[in-house]
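Structural overview for review
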Amino acid sequence: MVNRDNSIVALSFFMLFLLVLHLHFETTTAARKPVRVFGPPSSIEWSPPSPPKDDFEWFEINIYKNIEQTAFRPTGQGPSQGIGHKDPPVFSSVFVIGSLSFIPPPHPFDPLTEIELNLVRNIINERYPIGLEHRFTFQYVGLNEPDKSLVLSWVSSQYHNVKSPPRQAFVIARDHGKTREIVVDFASQAIVSEKIHVGNGYPMLTIDEQQATSELVLKFKPFRDSIRRRGLNVSEVVVTTSTMGWFGEAKPERLIKKRPFYLNGSVNTYLRPIEGMTIIVNLDQMKVTKFRDRFTSPLPNAKGTEFRISKLKPPFGPSLQNAVLFQSEGPGFKIDGHTNRWANWEFHMSFDVRAGLVISLASIFDMDVNKYRQVLYKGHLSEIFVPYMDPSEDWYFRTFFDCGEFGCGQYAVSLEPYTDCPGNAAFMDGVFASQDGTPIKITNVMCIFEKYAGDIMWRHTEIEIPGLKVRPDVSLVVRMVTTVGNYDYIVDYEFKPSGSIKIGVGLTGVLEVKPVKYVNTSEIKEDDIHGTIVADNTIGVNHDHFVTYRLDLDIDGTDNSFVRSELVTKRTPKSVNTPRKSYWTTKRLKAEELLVVNPSRKTKHGNEVGYRLLHGPASEGPLLAQDDYPQIRAAFTNYNVWITPYNNTEVWASGLYADRSQGDDTLAVWSQRNRKIEKTDIVMWYTVGFHHVPCQEDFPTMPTLFGGFELRPTNFFEQNPDLKTKPIKLNTTPTCTARND
């Protein structure tokens, strides 16, 4: 006779085992959840990694849930459902029956999952009570950079059967007015290191504390009284955050300035500033420490600030024909977790709360050698420096580090299908930790799509031999948009079959404006109004944007050099015996510009394999004085190109602690260490620079201004890799025309 109690216990243990197995697999493979696709069926394939044969079997269990009808998540196996299909399938998890030893580890660069972020919070909470009431808050939580040699060893193993790098989280927290750095190890589920930061600067601001300080100001009686004295309605006031920079203070406190704006008929917050108030909040004390109502300025009119198409009145602009890119056989890329494979490219996509979109382990397949060759180990935004050019009391401190102070990932936005990205795009979510450590998800934070804009990949016509040879240019784009304050930044990484990587940034959004009494330039009395009158009582203030990227290039390996090819004029030798008197040629100099090569790898003709840096249209340098405090902090913008040896602690051009920093831990300082950058692992830093003199066309919203650069293969291949690219099939749709009978 079977003991019923023992059976229940055994069944309970079995169910518990399945639950633990499920949670473990969800943790290690959360990043392998399929992407969201808006578009035709069969758009994306998902499949588990191919294990060695006969090692084990995969058993898949699909769990179906209801999701929005516009969202499509394929299961990887089984039929796909298109737009409008009710109850489409969502691949929730994969169970592997057997021992835990063969559960595939996460990719070393996979972003931290919601489960991992919760685990980090719980582990730290055991040692430090978390929350504002305990004065312990999370300012940054991200993947702790794994050892590069371990990552490359793991990636190069055919089935990832070598030991994966330790998976850890790096945490920056504020603890009773001090900055604490903590490393949490997931395998041991323990804190493995921690220290107190003793240098200059403070960590990135959180959204939570900015919102809390805005509420603090809106409840502050002297502020409310000042608003009423201006005849304004407090309920129509919006308060935003400005960092304070550093202007020579020996020990600056963790302070921010708050700036009020007035809606009352406008949704365009930044175009109706209420100036004349100085409002300073101490973030550690969470109280207003200084308030002065200095003067009353004119308030720009709400008329003309509307940008929503549903609220705009005729006459309207020109009508554009509807257009859609439809790929009847689905897109040509495949996404496995966070790894993307397209054409001859393979790379990993990730998300970080400070950098936003991160591209890593980009390799290109060379059919001449029948293998993938390394190009980019890791690339991402490092900083965006935005100094305004008005030295007055209300403006001098507006010298923002958008990534280091506010977080380009923290302020990334959900992308809209068909508008932010074309109809053939796939979307992925991003997750980051809030101030109390709980996860926050940004849906559709990045999109991936194939781009065909009518460009030509290559062409040639021989007059003597009839027949045109041409290939249309198709590329793959990975995109993110971050809205930091008034500006929206469109960040694109574009991969081409030729081996080129084009990195671009688009600037749009709304201007930072200054209210004045003028409506026409004829009324101006001052020597300098620091901008342009763009609307009644409104000056668009002059400013800069310096967008700095960190690019750890590994051209066919890690031992690279950076060289410059200088074009020089030479006189034609008399021995040539032709009428030509001169020509130009190249002269190679060891320097810091234009070309990354691998001296140990050469083509069959003896040329060093490399990638060339091609500057884009926006490559302006700074115009601030070198001894000006904002430029001391942003000295990394002094040059467009910097080269440093690889160091996994040198990631952020403005330093790990950018808020109120003093310029003593930046890329410019690291570069003074006179370290070897020849035949070693090197990192390129590139800054795209814009000097923006506003114009009326920038009001009330700014047309997108693009800049960027290109990394282009140079003697990397034996010949043009596009030569054997198969032409795409361009489908045409019938055109209906009116006929007069």
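Residues numbered from 1 in each chain as written. Predicted model: local features only at pLDDT ≥ 70, side-chain atom pairs only at ≥ 80, totals over all residues. Heavy atoms only, no water.

1. What about unusual backbone geometry?
For clarity, the threshold we go by: The helix and strand labels rest on DSSP assignments: H or I over at least four residues marks a helix, E over at least two residues marks a strand, and numbering proceeds from the N terminus. Only protein chains enter the area calculation, which uses a 1.4 Å probe; residues under 20% of their type maximum are buried, those over 50% are exposed, and those in between are partly exposed.
In this model, phenylalanine 699 is joined to proline 700 through a cis peptide bond whose omega is 0 degrees. Checked against the element boundaries, proline 700 lands in the loop between β34 (682-692) and β35 (702-714). Positive phi, normally seen in glycine, also occurs at asparagine 370, with a value near 60 degrees. Take asparagine 370: it is sitting in the loop between β15 (356-366) and β16 (371-387). Located in the positive-phi region is asparagine 537, a residue other than glycine, with phi close to 60 degrees. As for its position among the elements, asparagine 537 is in the loop between β26 (531-535) and β27 (538-541). Given the relative accessible area of 18%, asparagine 537 is considered buried.

2. Observations regarding the state of the cysteines
Inclusion rule: Disulfides are defined in this document as cysteine sulfur pairs within 2.5 Å.
Under the definition given, this model contains 2 disulfides. Bridging cysteine 403 to cysteine 408, the disulfide has an S-S length of 2.2 Å. Handedness of the cysteine 403-cysteine 408 disulfide follows from its S-S torsion of about -90 degrees: it is left-handed. Across this residue pair, the class does not change: cysteine 403 and cysteine 408 are buried. When the bonded cysteines of the protein are numbered from the N-terminus onward, they pair as 1-2, 3-4.

3. Overview of the pattern of salt bridges
Our working definition: A pairing counts as a salt bridge when a side-chain nitrogen of Lys or Arg comes within 4 Å of a carboxyl oxygen of Asp or Glu.
Under the defined criterion, the tally for this structure stands at 34 salt bridges. For the salt bridge of arginine 167 with glutamate 116, the shortest nitrogen-to-oxygen distance reads 2.6 Å. Linking arginine 167 in the loop between α3 (148-156) and β5 (168-175) with glutamate 116 in helix α2 (residues 114-127), this pair joins segments that are 51 residues apart in sequence. With respect to class, arginine 167 is no different from glutamate 116; both count as buried.

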